[in-house]
Amino acid sequence: MEIALERYYGHRLALPQVVAALIFARERPPALLLAPEERLRRYRDLLAFGVPVYVNPGLEAWEERALFVMSYEEALAPFPEDPSAWRLVLEVGRSYPRGELLDRLLRMGYARDEDYRVLGEVLELGGVRLEFFGEELERLLVEGEERRRHILLPKPGKAEAFTSRKLLHFPGPVYLDTPALAPKEVWSLLRGRQVVALGSGVELPPLDLGVRPLPPYRGSLKSLEKDLARWLGEGRRVSLFVAHERTLDYLKRRLAPFRPQVPERFPGPKGQLSLFRGAFEGGAEWGEEVFLTEALVFATGAVRARLRVGEGLTDPGALSPGDFLIHPDHGVGQYLGLETREVLGVRRDYLVLRYKGEGKLYLPVEQLPLLKRHPGTTDDPPELSSLGKGEWQRLKEKARKDVEELAARLLILQAKRKATPGRAFPPLPEWDPLIERGFPYELTPDQKQALEEVLRDLEAPFPMDRLISGDVGFGKTEIALRAAHRVVGHGAQVAFLVPTTLLAEQHGKTFRERFAGLPVRIGVLSRFTPEREEKSILEGLEKGTLDIVIGTHRLLQPDVRFKDLGLLIVDEEHRFGVAQKERIRELKAEVDTLYLSATPIPRTLYSALVGLKDLSSIKTPPPGRKPIRTFLAPFDPLLVREAILFELERGGKVFYVHDRVASIEARRRYLENLVPEARIGVVHGQMPEGLVEETMLLFAEGAYDVLLATTIIESGLDVGEANTILIERADRLGLATLYQLRGRVGRREQEAYAYLFHPPRLTEAAEKRLNAIADLSDLGSGHLLAEKDMEIRGVGNLLGPEQHGHIRALSLEVYSELLEEAIRKLKGEAKEERRHVTLDLGVSARLPAEYVPSLEGRSRYYGRLAEARSLAEVSRIARELKDRYGPLPEEAENFLALARLRLVAERKGVVSITEDLTYLQVIFPRWPLDYDAKALRQLPFRVELTQYPPGFRLEKKGLKPRDYPEALLQALYLFADN
């Protein structure tokens, strides 16, 4: 590898940056390299090549013989025409006549007594102290330190008077990095100089040096190891440059089989792998040399796979214009907003719903409880129903027939399962306690109950089909592990099916640690399993010599055969496809099956699928788990840097969520500049799946400090050392997503931190949502919150593919209710309906726009009041309104009074409350009524009982419309609850 620099002058070289840095380092000083500002860091340190460099030099470096590196902006910075007149070289032993020295200082902008002072033989200027003996400089101190030489520069601000450009005063050949980005002015200043262009976009003849650039590995260390074996086998010298000390430590461990050297200077020994410190990028083969860099090995930029359409995330609390709502009689409509209308002198707010063919429905806000949310989004809208054509009822009727068939099938399935002979795995008093010893924690009460239920199912003589639902890190794996232990004790095999390679590796590690010292053989089957090992695992399963296998969908391939499968454990079943689920069903026909899920199952759906699976729920966090400290803040780069550095200093790792694939690469570059100390890996949903898994695995192993990701990391990644998560634009994410993301940290006793960043101005709904997640520092409590959001995000695939069409048309919630109703009917159980009271009183009741200005805010409060189930909840909302917006206006007071009246009326079993000219009429469903007759007579207004219709009427005489709700409440309190 001869480097004859003269022949490169006047040419364009297409080289990876690491080779360009080597060529520049071989240049005879003085020489100059110009680069865009953001690429300067790649040339800042050339010590690996044995040379120092001067970055962005000023007047102090003029006349130095060195290698200089400048940004293009710096090269065009003003510089004095005569630099020697604008710098004063101070050297001990040299003579400085007093008058000349003071004149020189004045020309450089320093005024006597203002900027410096003279005390006899001593001159003090800022941190510089000069001690003379006569005219000779005898002693020189800079900031209290003795020096032999110091260069004094002009007073700041003087540069404005400079007329020349810096580039003209630093001699030697000029190397241009990314010349296409060089400002035009640079080229005019380079006339007559030796120029080497490191990149295209310039009119210079190309020169081929025989350098073959290497494609990036994008975090695939398997491919790197394969190439290393080949290069070293060919006797080549391989040099790998790393920017971070932690990467050096990691690669020394990971590449230990290649016996890497760590020399101080390039080159290392021939035929060996050498690791050097250096922040270069790119990689190349050049004759006998191979150059690799950390950026080449680990950078994951610009990787795309096929585009996947994600499902919309919605905020479960707020109702916002554009949402799709389902009316029980009219079907799917789109919410356009609120409109205030005056009817017969009464002002009310109405929800405006748009239907097919521009049909509109105005619905009083009191009827909000009748509506259900449809999960459709504006990107993926459902088909709107037509008003007045009975279309929705026909759809429901069609689905009801399908549902009745499914309900019958589920009940038959349940009965069949109880009748199917299965294997019983009774307790083994000597074997069972062996696994408990390895568990370093106390089981939580929920874990104990779930374990009892699972073991009871295993002991029963029919196949188990149980789902354990529990939060991230709440110990579901421990239950599965103990169930596997019981089955293995009876000589049967266990298959543990997981959705990702990463989870397979993590569970494999956990199982091996816990079964260490016991006669149990464990295998892990995934895309990372070497071919030889895979072959022996498959043989072991067929012959019965392997007890437990943990694997991805590779386990579902036809070539995987078990000698005696006793238990199938499926983790996060909803993440498997329809075909894979069918295969699971085949496998589990007569085998005990245990499902684990961190996705809270909605109540309606679970009760509907009551015939399908038994459920155990783990809702308490493990002891010793500290709550996650959650901070809400507008985005602040200093806070980001501080949070990342704090985590790195205590030896941890960081998740950084940026939920836009288009700008994730730009964000990586931004973070690299903001926190150059951190190594950053990138994952997003448009990267090939294998690469996502490998990057996550490298993060878990310690190859990266920060994992920059979209919400793809929401599920299934347990990295114990990751104890800080930063989420950008948290205001855009749904509550359940935020909750799941925050659950990525705080898995150990270390205190964990979550930073939720938002814009300076927030919508009210987003603010409420973020405050809700910040208040929920305890992990298990999110179960309740996440439930609503999860209902929206397609837990529908717990059902079969054939129901999908009905769910799409009706929504999961409506479909689940129909299914629940059908199952109850077949079982002969009565369904408990929430009563809806018809309230029609001439009272102006609403939240005026003058009081709650934002439409989203009003929609949200209407939604919360409609869903309130107790008077305490209504009082809480009233208090919140007063705190936020001040005293309640009369119309708002009336609305809250009607909300209280509705709740009490529901409790008493009232059907409707209406009015005519003289009376307020309250109707009950049946006669006779149970009430306190004496107290009713003592009320300050007249109340008459009516048998047809059953109920009572209250005389309006003397009452103003705003008094109606209070008068009705006083009367209703005297009737028995129904």
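Position numbers for residues start from 1 in each chain and track the written sequence from start to end. The predicted origin of the model limits local features to residues at a pLDDT of at least 70 and limits the giving and counting of side-chain atom pairs to 80 or more, whereas totals for whole chains, interfaces and linings rest on all residues. Only heavy atoms go into the side-chain values, all of them from the structure, while hydrogens and water stay out.

Participant: Before we move on, can you summarise the environment of Leu338 with the specific residues and values?
Facilitator: Examined against the element boundaries, Leu338 turns out to sit in strand S22 (residues 331-343). A sequence separation of 520 residues divides Leu338 from Arg858, and the C-alpha atoms of the two residues are 8.5 Å apart. When checking whether two residues touch, look at their non-hydrogen atoms; a contact exists if any pair is within 4.5 Å. With residues near it in sequence (within four places) discarded, Leu338 still touches Tyr350, Leu351, Val365, Leu855, Arg858, Ser859 and Tyr862. Starting at the N terminus, helices and strands are each numbered in turn, a helix being any DSSP run of H or I of at least four residues and a strand any DSSP run of E of at least two.

Participant: How would you sum up helix H13 (residues 531-543)? Please name residues and give values.
Facilitator: Compared with an ideal rise of 1.5 Å per residue, which puts 13 residues at 18 Å, H13 spans 18 Å between its outermost C-alpha atoms and is within 8% of the ideal. Those residues of H13 that fall on the buried side of the exposure criterion are Glu534, Ile537, Leu538, Gly540 and Leu541. End-on, the buried residues of H13 take up no more than an arc of 160°, which puts them together on one face. For H13, the exposed residues lying more than 90 degrees away from the buried face are Arg532, Lys535 and Lys543. Elements in contact with the buried residues of H13: strand S27 (493-497), strand S28 (522-525) and strand S29 (548-551). To estimate how far a helix should reach, multiply one less than its number of residues by 1.5 Å. Relative accessible area decides the class of each residue, using a 1.4 Å probe on protein chains only: under 20% of the type maximum gives buried, over 50% gives exposed, and in between gives partly exposed. Directions are taken from the helix axis to each C-beta atom, and the arc is the one they span.

Participant: Outline the packing of aromatic side chains, supporting the account with residue identities and numerical values.
Facilitator: Classification of ring pairs rests on two measures: the distance between centres of Phe, Tyr or Trp rings, Trp counted by its six-membered ring, which must be within 6.5 Å, and the angle between planes, read as stacked under 30 degrees, edge-to-face over 60 and tilted in between. Scanning the model with the defined rule gives 29 aromatic pairs in all. Taking 5.3 Å as the distance between ring centres and 75° as the angle between the ring planes, the aromatic pair formed by Phe241 and Phe280 counts as edge-to-face. Of this pair, Phe241 sits in strand S17 (residues 237-242) while Phe280 is found in the loop between strand S18 (273-277) and strand S19 (284-286), placing the two residues 39 residues apart along the sequence. Of the two residues examined, Phe241 and Phe280, each falls in the buried class. When the ring of Phe511 is compared with that of Phe515, the centres are 5.9 Å apart and the planes differ by 35°; the resulting orientation is tilted.

Participant: Go over the environment of Arg900, please, and point to the residues and values.
Facilitator: Assignment of secondary structure puts Arg900 in helix H26 (residues 890-908). With 29 residues separating them in the primary sequence, Arg900 and Leu871 have C-alpha atoms 6.1 Å apart.

Participant: Which residues make up the sheet that holds S28, and what values do they have?
Facilitator: Read across the sheet, seven strands follow the order S28-S29-S27-S30-S31-S26-S32 without closing on themselves; strand pairing throughout is parallel. Each edge of the open sheet is held by one strand with a lone partner, namely S28 and strand S32 (614-618). Across the sheet, the axes of successive neighbouring strands diverge by a mean angle of 15°, strand direction being ignored. As paired elements, strand S26 (residues 465-470) and S32 share five bridges and run parallel to each other. Any two strands are treated as partners once DSSP identifies two or more bridges connecting them. Lines are fitted to the C-alpha atoms to define the axes, a helix being fitted only along its stretch in contact, and any angle between axes, read from their N-to-C directions, falls within 0 to 180 degrees.

Participant: Give me the lowdown on the packing of helix H11 (residues 476-489) against helix H12 (residues 501-514), citing residues and values where you can.
Facilitator: Two elements in contact, H11 and H12, have axes whose closest approach is 11 Å; the angle formed by their N-to-C orientations is 55°. With respect to H12, the element H11 is oriented oblique. The chirality of how H11 crosses H12 is right-handed. Mapping the contact onto sequence places Thr477, Glu478, Leu481 and Ala484 in H11 and His507, Thr510, Phe511 and Arg514 in H12. When residues are sorted by character, Ala, Val, Leu, Ile, Met, Phe, Trp, Tyr, Cys and Pro go into the nonpolar class, Asp, Glu, Lys and Arg into the charged class, and all the rest, Gly among them, into the polar class. Of the residues contributing to the contact of H11 with H12, the split by class is three nonpolar, three polar and two charged. Angles are sorted into four bins: roughly parallel if under 35 degrees, roughly antiparallel if over 145, roughly perpendicular if 65 to 115, and oblique for all others. Two helices that cross are described as forming a left-handed crossing if the nearer one is turned anticlockwise from the farther one by less than a right angle, and a right-handed crossing if clockwise.

Participant: Give a detailed account of a nonpolar patch on the surface, specifying residues and quantitative values.
Facilitator: Exposure above 30% relative accessible area and the absence of a salt bridge qualify a residue for a patch, where like charges join within 9 Å and nonpolar side chains (Val, Leu, Ile, Met, Phe, Trp, Tyr) within 5 Å. Accessible surface is estimated by sampling points in the Shrake-Rupley manner with a 1.4 Å probe; for residues, cover comes only from the protein chains shown. Here, a salt bridge means any Lys or Arg side-chain nitrogen found within 4 Å of an Asp or Glu carboxyl oxygen. A contiguous nonpolar surface patch, about 250 Å² in accessible area, is contributed by Trp927, Tyr931 and Leu945. Examined against the element boundaries, Trp927 turns out to sit in the loop between strand S41 (919-923) and helix H27 (933-937). Take Trp927: its relative accessible area is 37%, and that puts it in the partly exposed class.

Participant: Can you break down the confidence of the model for the protein residue by residue, with the values?
Facilitator: Predictor confidence is given residue by residue as pLDDT, running from a minimum of 0 to a maximum of 100. Scored by pLDDT, the protein has a mean of 81; 85% of the residues are at 70 or more. Scored below 50 in pLDDT, residues 300-317 makes 51 contacts in the model with residues more than four places away or belonging to other chains. In this model, residues 600-608 is a region of pLDDT below 50 whose contacts with residues beyond four sequence positions or in other chains number 30 contacts.

Participant: Talk me through the nonpolar core; I want residue IDs and the actual numbers.
Facilitator: Put simply, buried Ala, Val, Leu, Ile, Met, Phe, Trp, Tyr and Cys residues joined by side-chain atoms within 4.5 Å make one nonpolar core. With 60 residues, the main nonpolar core has Leu841, Leu881, Leu901, Ile913, Leu954 and Leu972 as its most contacted residues. No other element matches the nine residues that H26 contributes to this core. Those residues within four positions of Leu841 in sequence are excluded, and the remaining contacts are Arg348, Leu898, Leu901, Ile913, Thr914, Glu915, Leu920 and Leu968. Tyr250, Leu292, Ile725 and Ala752 belong to the second-largest nonpolar core, a separate cluster that totals 52 residues.

Participant: Now, about the pattern of salt bridges: what can you tell me, with residues and values included?
Facilitator: If you walk through the whole model with that rule in mind, you get 58 salt bridges. Of the charged contacts in the structure, one is a salt bridge between Arg423 and Asp564, with a shortest N-O distance of 2.6 Å. One end of the pair, Arg423, is in the loop between helix H8 (391-419) and helix H9 (432-436); the other, Asp564, is in the loop between S29 and strand S30 (565-571), and 141 residues separate them in sequence. Taking relative accessible area as the criterion, Asp564 reaches 28% and is therefore assigned partly exposed. Across the pair Glu915 and Lys956 runs a salt bridge, and its minimum N-O distance is 2.7 Å. One end of the pair, Glu915, is in strand S40 (residues 912-915); the other, Lys956, is in the loop between strand S43 (951-955) and helix H28 (964-972), and 41 residues separate them in sequence. On the basis of relative accessible area, Glu915 is assigned to the partly exposed category, the value being 26%. Within this structure, Arg117, Glu124, Arg129, Glu131, Arg139 and Glu146 form a network of salt bridges that share partners.

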